[in-house]
Amino acid sequence: MTSEPLTSGPAPSGAGACPVTSAATGGPVREWAVDDLPALDFDPLLAELLAKEPVSRIRLPFAAGNEAWLVTRYADVRAVSSDPRFSRTALLDRQVTKMTGHMVASKAALNYADPPYHTRLRKAVTKTFTGRGTQRLRPLAQASCDRLLDAMEAAGRPADLMAHLHGPLPMAVVCDLLGIPGQDRAELASWPDLILSSGPGPESSRAAKAQIHGYVTRLLDLRAAEPREDLATELAEALAEGRIGPDEAVSLAMAILISGAHAVRNNSANMVYVLLTRPDLLARLRAEPELLPQAVDELLRWIPHRNGVGLPRIATEDVEVGGVLIRAGEAVYASYLTANRDPEVFADPDVLDFDRTGTGHLSFGHGPHHCMGAMLTRMESEVMLATLLARYPELRLAGRPEDVPFQSKGLIRGPRELYVTW
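Calculation notes
Residues numbered from 1 in each chain as written. Predicted model: local features only at pLDDT ≥ 70, side-chain atom pairs only at ≥ 80, totals over all residues. Heavy atoms only, no water. Helix = DSSP H or I, 4+ residues; strand = E, 2+ residues; numbered from the N terminus. Buried < 20%, exposed > 50% of the residue type's maximum accessible area, 1.4 Å probe, protein only. Contact = heavy atoms within 4.5 Å. Areas by Shrake-Rupley, 256 points an atom, 1.4 Å probe, with all protein chains shown as cover. Axes fitted to C-alpha atoms, helices over the stretch in contact; angles between N-to-C directions. Left-handed = near helix turned anticlockwise from the far one by under 90°. Nonpolar A, V, L, I, M, F, W, Y, C, P; charged D, E, K, R; others polar. Phe/Tyr/Trp six-rings, centres within 6.5 Å; stacked < 30°, edge-to-face > 60°. Salt bridge = Lys/Arg side-chain N within 4 Å of Asp/Glu carboxyl O. Pairing = 2+ DSSP bridges.

S.K.: Even after reading the chapter, I still don't get the overall build of the chain, so can you show me in this structure?
M.R.: Scanning the chain from N- to C-terminus turns up 15 helices and 12 strands. Evaluated residue by residue, the chain yields a buried proportion of 54% over its 422 residues. Restricting to contacts in the chain with at least 6 residues of sequence separation, those with at least 24 account for 72%. Carbon and sulfur atoms form 53% of the exposed surface of the chain, whose accessible area is close to 17600 Å².

Structure representation (structure tokens):
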């Protein structure tokens, strides 16, 4: 790798003016502040590293003294995320440079598990996330969508879609999935945001996680006594049969509740924002509604749905990736965002193309940690977009696109408010 700066002009947002020298490798290392970016702009540092230094060294805002590798090409991202020599469990006893000052996921969570333990945990909830399970939830999602939009219309124009649709619908679906009673749902609504943020701080995150932990524990006890067709019952049965332990059962439920409500809210809102700022794409979907599933998949590929990177992995032995030797014990981040923009895999990757087919994107990850809720996420997005398009032929932003406020210091990107009229 070159020791020369990667840029000859001003540094891109979130990057240092030039790389400093890595204490571990003697090569360049990027100080990556992961600043907030405008709307859905792609991170210029990620774009530059993909093009010029696809296996690079970085330091993130927290524990910056502990450098990590970052891989950005599609093939390298797939390799790191599926190779058993890169371990999530090894993270538990390592200090790694990272996005937040607190641990977002429980130590008992899937996020930190490796096969075969990871495989056993996933089996406890596999039935719920089959195609049949998703189809069971679709009419419930449609009914919730219709009810929420009825209430939005009654409240009058303009209306904030984040408050009326994108926030409450994913929470309603994940509550239907888990079997959370309607009277308890308002209490849960704010907790995922506190946990999946780099802003409020570790105290707020810990308090929210403790509240969710207590609630889920009580729910699983209830379902053990009163089983139903929901995920809480499936977890309670796995717990009673000894296939998982109490902390594992609660951790699985918490992960699904937090990520399902938070990620879908923002991803679906990003899709609507894109369509309302791209009248050509919006008109095409109105004219060809059968194209919606393919369009949703392309939106998932193109939209930079998170800030920075997710959890890294630790190399358990020396491994060569992309022509670079990664030593045992070193941390490696894999960027699904850049993998989705790799020109070696996707023709004109920066173009949002609803006719795109072929190689699948990596927005739901790859390998053992591929998102279990991928089908559910697609279904919810399809329900929201199809209903908005059919119900509001004149749907449009209530102001200028550049005035739509986006979240600050969130791990997942998305509008804070999305006011529309019709």
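Resuming the write-up.
S.K.: Please explain the packing of helix α4 (residues 131-155) against helix α6 (residues 168-178) as it appears in this structure.
M.R.: Pairs of packed helices are described in terms of their axes, by the angle between the two and the distance that separates them. The N-to-C vectors of α4 and α6 enclose an angle of 145 degrees; their axes lie 10 Å apart at closest approach. As α4 packs across α6, the resulting crossing turns out to be right-handed. On the side of α4, the interface is formed by Arg136, Leu137, Leu140, Ala141, Ser144, Cys145 and Leu148, while α6 contributes Pro168, Leu169, Ala172, Val173, Asp176 and Leu177. Broken down by class, the residue content of the contact of α4 with α6 amounts to 10 nonpolar, 1 polar and 2 charged.

S.K.: I would appreciate a short explanation of the packing of aromatic side chains in the present structure.
M.R.: Given two aromatic rings, one states the distance between the centres and the angle between the planes to describe the pair. Under the criterion given, the structure shown has 3 aromatic pairs. The interplanar angle of 80 degrees and the centroid separation of 5.8 Å between the aromatic rings of Tyr74 and Phe346 together place this pair among those described as edge-to-face. Taken as a pair, Tyr74 in helix α2 (residues 74-82) and Phe346 in the loop between α14 (336-339) and α15 (374-391) lie far apart in primary sequence, 272 residues in all. Look at Phe346 and you get buried, because its relative accessible area is 3%. Relative to Trp422, the ring of Tyr392 lies with its centre 5.3 Å away and its plane at 50 degrees, an arrangement referred to as tilted.

S.K.: Honestly, unusual backbone geometry in this entry has me stumped. Any pointers?
M.R.: Across residues other than glycine, the phi torsion is negative in most instances, and most of the peptide bonds are trans. Note that the residue after Pro115, namely Pro116, is joined by a cis bond; omega there is 5 degrees. Mapped onto the secondary structure, Pro116 falls in the loop between β5 (86-87) and α3 (117-123). The residue after Arg157, namely Pro158, is reached through a cis peptide bond having omega -10 degrees. Looking at the secondary structure, you find Pro158 in the loop between α4 and β6 (159-160). The phi torsion at Val34 lies on the positive side, around 50 degrees, for a residue other than glycine. Tracing the chain through its elements places Val34 in the loop between β2 (28-31) and α1 (44-52). A residue is classified by how much of its surface remains accessible, and Val34, at 9% relative accessible area, is buried.

S.K.: Just checking my understanding: could you explain the pattern of salt bridges for this structure?
M.R.: When charged atoms on two side chains of opposite charge get close, those side chains can pair. Within this structure, the stated rule accounts for 25 salt bridges. The partner of Arg30 in a salt bridge is Glu48, and the shortest N-O contact between them spans 3.8 Å. Of the two residues, Arg30 sits in strand β2 while Glu48 sits in helix α1, which places them 18 residues apart along the sequence. Accessibility expressed as a relative area gives 2% for Arg30, which makes it buried. Across the pair Arg223 and Asp230 runs a salt bridge whose closest N-O atoms are separated by 2.9 Å. Each of the two residues, Arg223 as well as Asp230, counts as buried.

S.K.: Quick question: what am I supposed to make of the sheet that holds strand β7 (residues 313-315) here?
M.R.: What holds strands together in a sheet is hydrogen bonding between their backbones, with the strands either parallel or antiparallel. Strand order in the open sheet formed by 7 strands is β1-β2-β3-β4-β10-β7-β5, and the pairing between neighbours is mixed. If you trace the sheet from one side to the other, it starts and ends with β1 (20-21) and β5, each paired once. Sheet analysis places strand β3 (residues 55-59) next to strand β4 (residues 68-71), joined by 4 bridges and oriented antiparallel. Bridging from a neighbouring strand, Val55 pairs with Val71 of β4.

S.K.: Where do I start with the sheet that holds strand β11 (residues 396-397) in this structure?
M.R.: With respect to topology, 3 strands assemble into an open sheet ordered β6-β12-β11, the strand pairing being antiparallel. Edge positions in the sheet fall to β6 and β11, since each of these pairs with one other strand and no more.

S.K.: Mind showing me how you'd approach the pairing of β4 here?
M.R.: Two faces make up the sheet, and in a regular strand the side chains alternate between them. Because side chains alternate across β4, one face comprises the buried residues Ala68 and Leu70, and the other comprises Trp69 and Val71, equally buried. Relative to strand β10 (residues 331-334), β4 is paired through 3 bridges, and the arrangement is parallel. Residue pairing across strands places Val71 opposite Ala334, the latter belonging to β10.

So yeah, pure geometry; function would need other evidence.
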